[in-house]
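Examining the three-dimensional arrangement
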Amino acid sequence: MWNEPSQERLARIPRLYETEFIPLKDKLIYLHFFIGGCDWYIAEFDGDDLFFGYAILNNDFDCAEWGYVSFSDLKEISIHGIEIDCELEEFWPPTPASQIPRIKI
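Thoughts on the packing of aromatic side chains
Under the counting rule described, the total for this entry stands at nine aromatic pairs. A centroid spacing of 6.0 Å and a plane angle of 35° characterise the contact between Tyr41 and Trp92, whose relative ring orientation is tilted. Linking Tyr41 in strand S3 (residues 38-45) with Trp92 in the loop between strand S8 (85-86) and strand S9 (95-96), this pair joins segments that are 51 residues apart in sequence. For the pair Tyr41 and Trp92, a shared accessibility class is recorded, and that class is buried. Plain terms: the ring middles of Phe52 and Tyr68 are 5.1 Å apart, the flat faces sit at 55° to each other, and that makes the pair tilted. With Phe52 in strand S4 (residues 50-56) and Tyr68 in strand S5 (residues 65-70), this residue pair connects regions lying 16 residues apart in the sequence. Judged by its relative accessible area of 44%, Tyr68 falls in the partly exposed class.

Points about the environment of Asp85
With respect to the helices, strands and loops of the structure, Asp85 is situated in strand S8. Its relative accessible area of 17% is what places Asp85 among the buried residues. Counting along the chain gives 13 residues from Asp85 to Ser98, while the straight-line C-alpha distance between them is 22 Å. With residues up to four places along the chain from it excluded, the contact list for Asp85 reads Trp2, Asn3, His32, Phe33 and Phe34.

Remarks on the nonpolar core
With 18 residues, the main nonpolar core has Ile13, Leu31, Phe33, Trp40, Ile42, Phe51 and Leu74 as its most contacted residues. Looking at this core, the elements with two or more residues in it are strand S2 (31-35), S3, S4 and helix H2 (71-76). By residue number, the principal contributor to this core is S3, which donates four residues. With sequence-adjacent residues up to four places away left out, Phe33 is seen in contact with Met1, Pro5, Cys38, Asp39, Trp40, Ile42, Phe51, Phe71, Leu74, Ile84, Asp85 and Cys86. Core analysis: the second largest hydrophobic core is formed by 13 residues, Ala43, Ile56, Trp92 and Ala97 among them.

Describing the pairing of S3
Looking down a regular strand, the side chains alternate between one sheet face and the other. Across the eight residues that make up S3, a large majority, eight, are buried. In this sheet, S3 lies alongside S2 in antiparallel orientation, the contact comprising five bridges. Within the sheet, the bridge partner assigned to Phe33 lies in S3 and is Trp40. The hairpin turn running from S2 into S3, its antiparallel successor, is two residues long, and Gly36 in that turn takes a positive phi close to 55°. Direction of pairing for S3 relative to S4: antiparallel, over a ladder of six bridges. Bridge pairing links Ile42 to Gly53 in S4. From the end of S3 to the start of S4, which pair antiparallel, there are four residues, and Gly47 there has a positive phi angle of about 90°.

Conventions we followed
- Residues numbered from 1 in each chain as written.
- Predicted model: local features only at pLDDT ≥ 70, side-chain atom pairs only at ≥ 80, totals over all residues.
- Heavy atoms only, no water.
- Phe/Tyr/Trp six-rings, centres within 6.5 Å; stacked < 30°, edge-to-face > 60°.
- Helix = DSSP H or I, 4+ residues; strand = E, 2+ residues; numbered from the N terminus.
- Buried < 20%, exposed > 50% of the residue type's maximum accessible area, 1.4 Å probe, protein only.
- Contact = heavy atoms within 4.5 Å.
- Core = buried A, V, L, I, M, F, W, Y, C linked by side-chain atoms within 4.5 Å.
- Pairing = 2+ DSSP bridges.

Structural data, given as structure tokens:
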């Protein structure tokens, strides 16, 4: 994985279910993982391996959805030797989902 988030950065993400009463459009997105036409926008973390966020696979916006993905699974993604990347912290401040054009709410 390129630019794997640090433990300090991961620790700033709300724990699972801490933001469940916040409307999806207002949830802060703390991490953005991407490769090719696939994006994972992370809003919550269990502190171990499970993220909650929004996923777009192969630019398929009709089937994009909120759900869970494991950090270990993301780390294993590689397409023809190209690994998944995580947007650097200095370029990805926590951002409300409604302000991310690729997230359709």
